Amino acid sequence: MTSHTQKSTRLTFIDSLRSIAILLMLEGHFITHSLLPVYRDDNNPIYALWKFSRGLTAPVFFTISGLIFTYLLLKDKNKGFQNKRLKKGIKRGGLLVLLGYLLQLKLYKVFFSGIPLFTDLFAIFHVLQCIGSSLILIVCIYLIKTYFLKIPLGLLLFILGIAVFLGTPTLLNLEYTGVPKFVENILITSRDLSRNRSVFPLFPWAGFVFMGGFLGSITYRFEKQTSHLLFAGILATAGVLLISFNYNLMVFLQRFTAFIGLESVQYVYEMNRVGQVFLVISTVLLLETSLKKIHKSISFSLPKNTGLFASIGCWVLLLLLWKQPIPIAYRYLLFFVPLALLLAKGAGWNAQLFYAIGQNTLFVYVLHVVLLYEGFLGLPFGKWIQAKLTPFYALFGMLLFLCLFALLTKHFYLTKKSSTLSKST
């Protein structure tokens, strides 16, 4: 009984992280794609806060990918080439790389607008290629560690993660004349502004996957403790220390990098981001643990249609205050929070659907690229809203966008899963 509970806690912790990461990505990409340029004001504190959270989404996504894969890799008791996760990891990594390149195709424009099948965009290294390649690298690192090195995998990945961050400034300043463009794009974001550049090259982004692998090994090693508040507290403390002393750490490491000729790393920012990711993960752990304890000790149910009446109440209040000098942020809260709750209720939002979205991140990611960025099919769905919406309509559209993916996930995966269970019984 106890072991089952621990396993369930661990799985919900992992799935919660995946779901939060993919939902943050969806809302961040929709707002970025649709918002009118005139509203992109870094001096606006609300926009600045949103922009910061959007910038944190990719590091969280990459770190969680490494965490999950490394945890499952270590969970298999077979060592070396006997580990079943090796084959799955290589297949998964290869699939991600392949899909990443396929999404650069624009078939509609190839057939009807006469553009080449392989454009300059095909040479760019994006999210899927980077994550897929990083997972394959973790497989290689695991094998090297198993057969040649007597060092824990987590420690090795931590060291390599830092090495990737430290090596990024040097790679950025190298001369790539004569090097094939796709090779440069795999390694680094090119300094040449005249051509398409990679958004997620291996340097520095593989470092986040390796740091996630480090956390995955910690999660495996202390699996029973992940449901304790102390674990979340230690992770949060590590995050705060990294954020507070990132510059000091880089100054310290600069002494050693000078011996191997690396560029200055004093202003490398990635370890600061790692600290922020640690805080995000610790917050999710804290919420998971706290909410489960509260649920066990306090049990209550709300009357039917409470959410509907509360939403109507918020909108009535908004009408009453319409001509009052209240900040626009309060108006948005009174309108969009009830709308989000009603859309969630309409989509049948519950814990099972929330976790299902995290369990099907690849489906969600690929479809959102097709819809927003003309991926693969090349159909210009996203052109209708690209940089054309005010904040109100961008937020409205974003909620509908999230609702669409919730409904699709519910239909294609939860319904299918329920049907499969019914047949088996």
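About the criteria used
- Position numbers for residues count from 1 along each chain, tracking the sequence in the order it is written.
- Side-chain atom pairs in this predicted model are given and counted only at pLDDT of 80 or more, local residue features only at pLDDT of at least 70, and totals for whole chains, interfaces and linings cover all residues.
- Heavy atoms throughout the structure, all of them, feed into the side-chain values; hydrogens and water do not.
- Starting at the N terminus, helices and strands are each numbered in turn, a helix being any DSSP run of H or I of at least four residues and a strand any DSSP run of E of at least two.
- For the radius of gyration, the atoms used are the C-alpha atoms, and the globule rule reads 2.2 Å times the number of residues raised to 0.38.
- When a residue's accessible area, from a 1.4 Å probe over protein chains only, is under 20% of the maximum for its type it is buried; when over 50% it is exposed; and in between it is partly exposed.
- We call two residues in contact when some of their heavy atoms are within 4.5 Å.
- All accessibility values rest on the Shrake-Rupley procedure with a 1.4 Å probe; residue burial counts only the protein chains present in the view.
- As used throughout, the charge tally considers Lys and Arg to be positive and Asp and Glu to be negative, leaving His and the chain termini uncounted.
- By convention, the point assigned to a charge is CZ for Arg, NZ for Lys, CD for Glu and CG for Asp.
- One side-chain nitrogen of Lys or Arg within 4 Å of one carboxyl oxygen of Asp or Glu is enough to make a salt bridge.
- By definition, no residue in a patch forms a salt bridge, and every one has over 30% relative accessible area; like charges are joined within 9 Å, nonpolar side chains (Val, Leu, Ile, Met, Phe, Trp, Tyr) within 5 Å.
- All axes here are fitted lines through C-alpha atoms, helices being fitted over the stretch that makes contact, and every angle between N-to-C directions spans 0 to 180 degrees.
- For classification, angles of less than 35 degrees are called roughly parallel, those exceeding 145 degrees roughly antiparallel, those between 65 and 115 degrees roughly perpendicular, and all remaining angles oblique.
- By convention, the crossing between two helices is left-handed when the near helix turns anticlockwise from the far helix through less than a right angle, and right-handed when the turn is clockwise.
- Definition of nonpolar core: a set of buried residues of the types Ala, Val, Leu, Ile, Met, Phe, Trp, Tyr and Cys, connected through side-chain atoms within 4.5 Å.

Things to note about the overall build of the protein
Then, in step 1: What the protein contains, in helices and strands, is 15 helices and zero strands.
Then, in step 2: Here the protein has a C-alpha radius of gyration of 23 Å; the compact-globule value for 425 residues is 22 Å, and the two agree.
Then, in step 3: For the protein, the spread of C-alpha atoms along the three principal axes comes to 70 × 60 × 50 Å.
Then, in step 4: Residues counted as buried form 43% of the 425 residues belonging to the protein.
Then, in step 5: Within the protein, counting contacts between residues at least 6 apart in sequence, those at least 24 apart form 75% of the total.
Then, in step 6: Accessible area of the protein: about 23,300 Å², with a carbon and sulfur share of 69%.
Then, in step 7: Treating the 40 positive side-chain charges of the protein as one cloud and the 14 negative ones as another, the clouds have centres 14 Å apart.

Brief notes about the pattern of salt bridges
Then, in step 1: Going through the model one piece at a time under the given rule, you end up with four salt bridges.
Then, in step 2: Among the ionic pairs, Arg18 bridges to Asp15, the shortest N-O distance being 2.5 Å. Residue Arg18 and its partner Asp15 are located together in helix 1 (residues 2–34), separated by three residues, close to a single helical turn.
Then, in step 3: Owing to a relative accessible area of 22%, Arg18 belongs among the partly exposed residues under this scheme.
Then, in step 4: Of the residues examined, Asp15 reaches a relative accessible area of 8% and is grouped as buried.
Then, in step 5: Across the pair Glu223 and Lys75 runs a salt bridge, and its minimum N-O distance is 2.8 Å. A residue pair is termed long-range when its members are at least 10 positions apart, and Glu223 in the loop between helix 8 (202–221) and helix 9 (229–257) and Lys75 in helix 2 (residues 45–75) qualify at 148 residues.
Then, in step 6: On the basis of relative accessibility, which here comes to 16%, the residue Glu223 falls in the buried class.

What to know about unusual backbone geometry
Then, in step 1: In the segment running from Phe203 into Pro204, the intervening peptide bond is cis, with an omega of 15 degrees.
Then, in step 2: A positive phi is found at Glu374, a non-glycine position, where the angle reads about 60 degrees.
Then, in step 3: Following the sequence through the fold, Glu374 ends up in the loop between helix 14 (361–373) and helix 15 (391–424).
Then, in step 4: With a phi close to 60 degrees, Phe376 is a non-glycine residue in the positive phi region.
Then, in step 5: Topologically, Phe376 is positioned in the loop between helix 14 and helix 15.

Notes on a nonpolar patch on the surface
Then, in step 1: Nonpolar side chains collect at one region of the surface, where Leu308, Phe309, Ile312, Val316, Leu317 and Leu320 lie side by side and expose about 560 Å² of accessible area between them.
Then, in step 2: Mapped onto the elements of the fold, Val316 is located in helix 11 (residues 306–320).
Then, in step 3: Here Val316 falls in the partly exposed class, since its relative accessible area comes to 41%.

Concerning the packing of helix 11 against helix 12 (residues 328–346)
Working note: a packed helix pair is described by the angle between its axes plus the distance between those axes.
Then, in step 1: Where helix 11 meets helix 12, the closest approach of the two axes is 9 Å, and the angle between their N-to-C directions is 160 degrees. Taken together, the axis directions place helix 11 and helix 12 in an arrangement best described as roughly antiparallel. Every pair of crossing elements has a handedness; the one defined by helix 11 and helix 12 is left-handed. In contact with Gly307, Leu308, Ser311, Cys314, Trp315, Leu317 and Leu318 of helix 11, helix 12 contributes Arg331, Leu334, Phe335, Pro338, Leu339 and Leu342.

Things to note about the nonpolar core
Then, in step 1: Ile22, Phe62, Met271, Val274, Ile281 and Tyr365 are the most contacted members of the largest nonpolar core, which totals 94 residues.
Then, in step 2: If you tally residues by element for this core, the top one is helix 2, at 14 residues.
Then, in step 3: Sequence-distant contacts of Met271, defined by excluding residues within four places in its chain, comprise Ile162, Phe165, Met211, Leu242, Asn246, Leu249 and Met250.

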